[in-house]
Amino acid sequence: MSICSGGSAIDGVDMDYVARAEVVLVFPCKPSPMVRGAGDVHITREVSGLRPPTDSERHRMEAWQIKRRCAMAALREAGLNVMPFYSRSGDKVFVKAAADEQLLSQVAETSKHKLELKPQYLSGFAEYKSDYVGRRELNYSDRRMCSHLYKVHSEHEDGVHTDEEKDPENAWLRSRPPVPPSVFRTSDRIRLIDHIVRSVDHDCAGIDIGQLERDGELLDYFPLHENRKLAALDKDWFNAFAWGTHVNKVRNYFGERVAMYFLFVSHLIHWLVPPAVLGIIFLMLDLLFSNGSSDNIFVLPLCAGACAWSATFAHFWRRTAAFHALRWGTLHAVKVAEPVRPEFWGDIGVNPVTCRVEMHYPWRERIWKVLFSNAVISVCLVALLCSIAVLLALRHAFALAGGGRLPFQIINAVLVDIMNGIFSRIAKRLTDLENHRAQSEYTYHLIAKTVVFKFVNCYASLFYIAFFKEHSELFKMPMRCANDDCLSDLASQLAVFLIVRLAMQNFVELALPYLLVWYRNVVDGHSLHSHSFLKAAAAVDFDLSKAEKECEREEHNLCEDMDEMLILFGYSSMFLVACPWVPLLALISSLVQCFLDQKKLVLLFRRPFPTLAANNEPWDTAFDIMGGLAVVTNSALTVFATKTFDGWSTRQRVFLFIALEHLAVVLRLVVAAIWPSMPPVVREMKQRQDSIAHRHLELGGEDERADIDILAGPLGIDSVPAPFVHDSPTMGEELEPW
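Residues numbered from 1 in each chain as written. Predicted model: local features only at pLDDT ≥ 70, side-chain atom pairs only at ≥ 80, totals over all residues. Heavy atoms only, no water.

Peer 1: Hey, could you go over the overall build of the protein chain for me, with residue numbers and the actual values?
Peer 2: A tally of helices and strands in the protein chain yields 25 helices and twelve strands. Counting the 738 residues in the protein chain, one finds 50% classified as buried. Residue pairs at least 24 apart in sequence account for 73% of intrachain contacts in the protein chain once pairs closer than 6 positions are excluded. (Helix = DSSP H or I, 4+ residues; strand = E, 2+ residues; numbered from the N terminus. Buried < 20%, exposed > 50% of the residue type's maximum accessible area, 1.4 Å probe, protein only. Contact = heavy atoms within 4.5 Å.)

Peer 1: Run through the sheet that holds strand β5 (residues 92-98), naming residues and quoting values.
Peer 2: Taken in spatial order, the four strands make up an open sheet running β4-β5-β3-β8, and their pairing is antiparallel. The open sheet terminates on both sides in strands that have one partner only, identified here as β4 (81-86) and β8 (220-223). The average undirected angle you get between the axes of adjacent strands in this sheet is 20°. Sheet analysis places β4 next to β5, joined by six bridges and oriented antiparallel. Looking at the pairing, Val 82 lines up with Ala 97 of β5. Helix-sheet contacts for helix α7 (residues 186-198) involve β3 (23-28), β5 and β8, and the interaxial angle to β8 is about 150°. (Pairing = 2+ DSSP bridges. Axes fitted to C-alpha atoms, helices over the stretch in contact; angles between N-to-C directions.)

Peer 1: How would you summarise the packing of aromatic side chains if you had to cite specific residues and measurements?
Peer 2: Counting across every chain of the model gives 30 aromatic pairs. With a centroid separation of 5.9 Å and an interplanar angle of 50°, the aromatic rings of Phe 640 and Phe 657 are classed as tilted. Taken together, the positions of Phe 640 in helix α22 (residues 619-641) and Phe 657 in helix α23 (residues 650-674) put the pair 17 residues apart, joining distant regions of the chain. Relative accessible area serves as the criterion here: at 36%, Phe 640 is assigned to the partly exposed category. On the accessibility criterion, Phe 657 (19% relative accessible area) is buried. Here the aromatic residues Phe 264, Trp 271, Trp 309, Phe 313, Phe 316, Trp 317, Phe 569, Phe 623 and Trp 675 are joined through ring pairs into a cluster of three or more. (Phe/Tyr/Trp six-rings, centres within 6.5 Å; stacked < 30°, edge-to-face > 60°.)

Peer 1: Describe the nonpolar core, naming the residues involved and giving the relevant values.
Peer 2: In terms of nonpolar packing, the biggest core is built from 143 residues, with Leu 80 and Tyr 571 touching the most fellow members. Residues in contact with Tyr 571, not counting those within four places in the same chain, are Val 416, Cys 458, Tyr 459, Leu 462, Leu 494, Phe 497, Leu 498, Arg 501 and Val 582. With 19 residues, the next largest nonpolar core counts Leu 392, Phe 423, Ala 460 and Met 479 among its residues. (Core = buried A, V, L, I, M, F, W, Y, C linked by side-chain atoms within 4.5 Å.)

Peer 1: Can you explain helix α12 (residues 256-290)? Please cite residues and give values.
Peer 2: The end-to-end C-alpha separation of α12 is 49 Å, in line with the 51 Å expected for 35 residues at 1.5 Å each. Along α12, the sharpest change in direction is near 25° and occurs at Val 273; proline Pro 274 comes one to four residues later. After α12 finishes, the residue Asn 291 shows a positive phi value of roughly 55°. (Expected span 1.5 Å × (residues − 1). Bend = angle between axes of the 7 residues up to and from the residue.)

Peer 1: So what's going on with the packing of helix α11 (residues 247-254) against α12? Residues and values would help.
Peer 2: α12 packs onto α11 with a crossing angle of 155° between their chain directions and a minimal axis gap of 7 Å. Relative to α12, the element α11 lies roughly antiparallel. Regarding α11 and α12, the two cross each other, and that crossing is right-handed. Between α11 and α12, the residues in contact are Val 247, Val 250, Arg 251 and Phe 254 and Glu 256, Val 258, Ala 259, Phe 262 and Leu 263, respectively. Along the lines of polarity and charge, the residues of the contact of α11 with α12 split into seven nonpolar, no polar and two charged. (Parallel < 35°, antiparallel > 145°, perpendicular 65-115°, else oblique. Left-handed = near helix turned anticlockwise from the far one by under 90°. Nonpolar A, V, L, I, M, F, W, Y, C, P; charged D, E, K, R; others polar.)

Peer 1: Residue-level account of the environment of Phe 298, with values.
Peer 2: Mapped onto the elements, Phe 298 comes out in the loop between α12 and α13 (299-328). Between the alpha carbons of Phe 298 and Thr 644 there is a distance of 9.6 Å; along the sequence they are 346 residues apart.

Peer 1: Account for helix α24 (residues 680-698), naming residues and giving values.
Peer 2: Spanning 19 residues, α24 covers 27 Å between terminal C-alpha atoms, matching the ideal 27 Å at 1.5 Å per step. For α24, the set of buried residues is Val 681, Val 682, Met 685, Lys 686, Arg 688, Gln 689, Ile 692, Ala 693, Arg 695, His 696 and Leu 697.

Peer 1: Which residues make up the pattern of salt bridges, and what values do they have?
Peer 2: Counting across every chain of the model gives 33 salt bridges. The salt bridge involving Arg 198 is made with Asp 194; its shortest N-O contact spans 2.8 Å. With a gap of four residues between them, Arg 198 and Asp 194 both fall in helix α7, about one helical turn apart. A relative accessible area of 32% places Arg 198 in the partly exposed class. Asp 194 sits in the buried class, given a relative accessible area of 17%. Put simply, Glu 226 and Lys 229 hold a salt bridge, and the shortest N to O gap is 3.6 Å. (Salt bridge = Lys/Arg side-chain N within 4 Å of Asp/Glu carboxyl O.)

Peer 1: For the confidence of the model for the protein chain, give the residues involved together with the corresponding values.
Peer 2: In this model, the protein chain carries an average pLDDT of 81, and 81% of its residues clear a pLDDT of 70 or more. Per-residue pLDDT stays below 50 along residues 5-19; that stretch engages in 33 contacts with residues further than four places along the chain or on separate chains. Predicted confidence for residues 43-47 stays below pLDDT 50, and this span has seven contacts to residues more than four positions away or in other chains. (pLDDT = per-residue confidence, 0-100.)

Peer 1: Help me get a handle on the side chain of Glu 434, residues and values and all.
Peer 2: Inspection of the secondary structure assignment puts Glu 434 in helix α15 (residues 406-434). Residue Glu 434 is classed as buried on the basis of its relative accessible area of 1%. Within polar-contact distance, the side chain of Glu 434 engages the side chain of Ser 373 at 2.9 Å. There is a polar contact of 2.6 Å between the side chain of Glu 434 and the side chain of His 436. Setting aside its immediate chain neighbours within four residues, Glu 434 contacts Tyr 361, Arg 366, Lys 369, Val 370, Ser 373, His 445 and Lys 449. (Polar contact = N/O pair within 3.5 Å; in protein donor to acceptor, adjacent residues only side chain to side chain.)

Peer 1: Would you mind going over unusual backbone geometry in detail, with residue names and values included?
Peer 2: As a rule of thumb, non-glycine residues mostly have phi less than zero, and peptide bonds are mostly trans rather than cis. In this model, Glu 617 is joined to Pro 618 through a cis peptide bond whose omega is 5°. Along the polypeptide, Pro 618 turns up in the loop between α21 (582-604) and α22. One non-glycine residue, Leu 122, lies in positive phi territory at about 65°. The residue Leu 122 is located in the loop between β6 (114-116) and β7 (125-127) in this model.

Peer 1: Before we move on, could you go through the environment of Thr 650 and cite the residues and values that matter?
Peer 2: Structurally, Thr 650 is set in helix α23. Considering only alpha carbons, one finds Thr 650 and Val 639, eleven residues apart in sequence, at a separation of 9.9 Å.

Peer 1: Lay out a nonpolar patch on the surface in plain terms, naming residues and giving numbers.
Peer 2: On the surface, a nonpolar cluster with roughly 490 Å² of combined accessible area is contributed by Phe 238, Trp 243, Val 273, Val 277, Leu 278 and Ile 281. For the nonpolar patch, the element with the most residues is α12, which contributes four residues. Take Val 277: its relative accessible area is 47%, and that puts it in the partly exposed class. (Patch = residues over 30% accessible without salt bridge, like charges linked within 9 Å, V, L, I, M, F, W, Y side chains within 5 Å. Areas by Shrake-Rupley, 256 points an atom, 1.4 Å probe, with all protein chains shown as cover.)

As structure tokens, this is what we get:
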């Protein structure tokens with residue numbers, strides 16, 4: 001077994017250019033860089049000061065070597081191209097694994113991997129099948145030619161170095177051998193390689209990644225970035241990530257789950273533009289008629305618009321997600337069995353579904369930990385409410401003393417962000433203690449904890465100012481709104497929340513990584529020569545190989561990004577009556593958040609494994625609930641917190657509140673009836689795609705073809721008749737339009 005001594009290039013060949021998708025397995029080699037190991041003969045021959053291993057350390061190193069060799073042998077037997085090398089410190093072994101086109105085709109067929117068909121076949125998705133020439137004794141009547149059906153992808157499709165090739169200084173790009181087109185996207189390649197590594201199917205490696213990580217015999221497992229495609233995505237960040245016109249590039253590289261998140265962000269940005277424009281108009285009217293206060297005659301139409309916007313936002317997002325899920329082949333996708341989380345532990349038993357020996361953790365033991373988590377959350381919520389009450393009382397006392405309210409508003413906003421960060425760690429520890437088997441179960445329980453706490457933390461003081469502060473007492477102190485206008489008081493606190501959140505978001509996500517990298521380089525004796533925060537945040541030691549650089553990065557956590565978007569959506573929707581200008585701030589914050597999320601994903605995080613997704617559940621439900629709460633909040637603000645209905649009795653106000661809330665519900669039902677969340681054209685197109693795929697893959701095609709223009713038009717798919725099956729070009733050639 002030969003192991004190279006670091007670096008991502010062998011004999012001058014750029015491995016990032018040759019292999020379009022690779023995964024990396026990181027194995028431990030020795031317990032400490034100061035211990036002499038087998039790799040030190042090659043890479044640290046002139047280095048002194050290494051001590052010999054103790055008996056226990058030598059036994060561990062021998063056990064690691066056996067496991068590592070077994071894993072590498074399994075990868076090679078599965079047909080993967082394996083390239084191992086030592087880390088610079090010599091305490092780790094990095095193993096790159098890649099697959100050629102032939103192996104990917106074989107695995108795609110045996111695993112029934114679905115690929116996109118050409119536009120002639122409505123761009124549907126079907127299981128991959130290779131060509132079969134047929135049997136001679138049957139006069140080749142059972143011949144099956146399928147390769148021409150699948151869409152062929154090229155690197156220029158994602159904008160890879162198209163502009164660079166035109167530059168005269170980059171003639172070396174044009175001199176390189178062209179990468180042949182393929183039916184596999186880069187995310188398909190990684191998904192298939194991961195299947196080869198993990199699956200126990202025939203001709204697969206069958207490596208239990210989770211068990212190796214639990215035993216400490218595998219340190220990391222991740223796919224490598226492809227620098228040229230990543231640079232093309234970064235260059236086109238606004239269209240690909242923020243505006244959503246090129247979101248297919250994100251899907252092709254990162255997979256459907258990440259693409260669905262950025263598609264949702266683009267949907268939110270699109271939907272924030274109209275209320276942002278109208279909010280400026282209402283703000284001007286407020287300045288003209290009521291000195292900037294929202295408590296005027298325009299509050300009722302503003303409430304109607306806010307309720308309509310909040311009630312229908314999540315519904316139309318589901319329609320957008322359905323259209324893209326159809327285009328991406330994830331609509332009604334069959335859920336596959338999730339692998340066991342590496343952190344999961346329990347008793348050894350036989351899985352009744354797979355009949356394999358696996359770990360099992362009984363529910364009767366988990367229920368006590370779930371109850372303990374709920375108790376801790378309840379205590380945290382009580383403590384949080386008490387701290388908010390104390391802060392509001394101190395703010396009132398400070399304002400009475402002539403100190404103003406702004407300092408405590410800023411302190412309140414800063415404490416909200418700090419408490420969110422602290423409880424996120426508490427919720428993670430509690431969810432880890434519950435010991436969930438699958439990642440989806442773990443995610444659902446984590447979301448349930450964080451959403452409840454952060455809802456109270458972010459909005460409790462705003463609800464108090466809006467509905468309870470005026471003419472009330474807090475710790476026996478009479479409370480009054482600023483200038484006797486609770487809507488203006490609420491608007492000022494909300495503005496401080498958004499501005500402070502935007503500032504802290506920039507510091508934590510942009511400046512802090514730069515400072516950490518700068519500190520690490522100073523400690524290591526290196527200087528950091530960069531004027532760009534983003535480039536500096538991604539800077540690492542140039543002596544490291546590409547795999548080592550990416551191994552030092554953090555893993556991408558999509559839940560944190562969705563959590564931030566949910567909080568922002570609540571700020572922009574629940575108090576719109578008091579702050580008609582808040583959608584403009586939310587729009588700016590959304591663009592900044594999208595920019596930072598994209599930069600983190602490209603420069604700071606490892607490449608995530610691509611996963612299928614048809615929506616963003618359970619976050620879609622959370623946004624739907626938040627929209628319903630926004631309807632209730634804006635209706636209550638209009639009826640109970642403004643002076644517009646001071647002459648009405650309490651009963652009349654309650655009836656008006658119920659009427660506004662029910663009108664929003666009726667509007668939602670009418671919209672759902674006219675524009676259902678699952679559009680009929682999507683459902684019909686899905687059935688048509690399945691029919692065409694079955695006809696051409698299983699039945700060999702038909703001479704009579706239905707008119708598909710009516711169904712293809714709404715989805716923007718070109719309708720071109722399919723060529724005759726047996727006179728089709730080869731898989732790598734493009735079809736000429738008829």
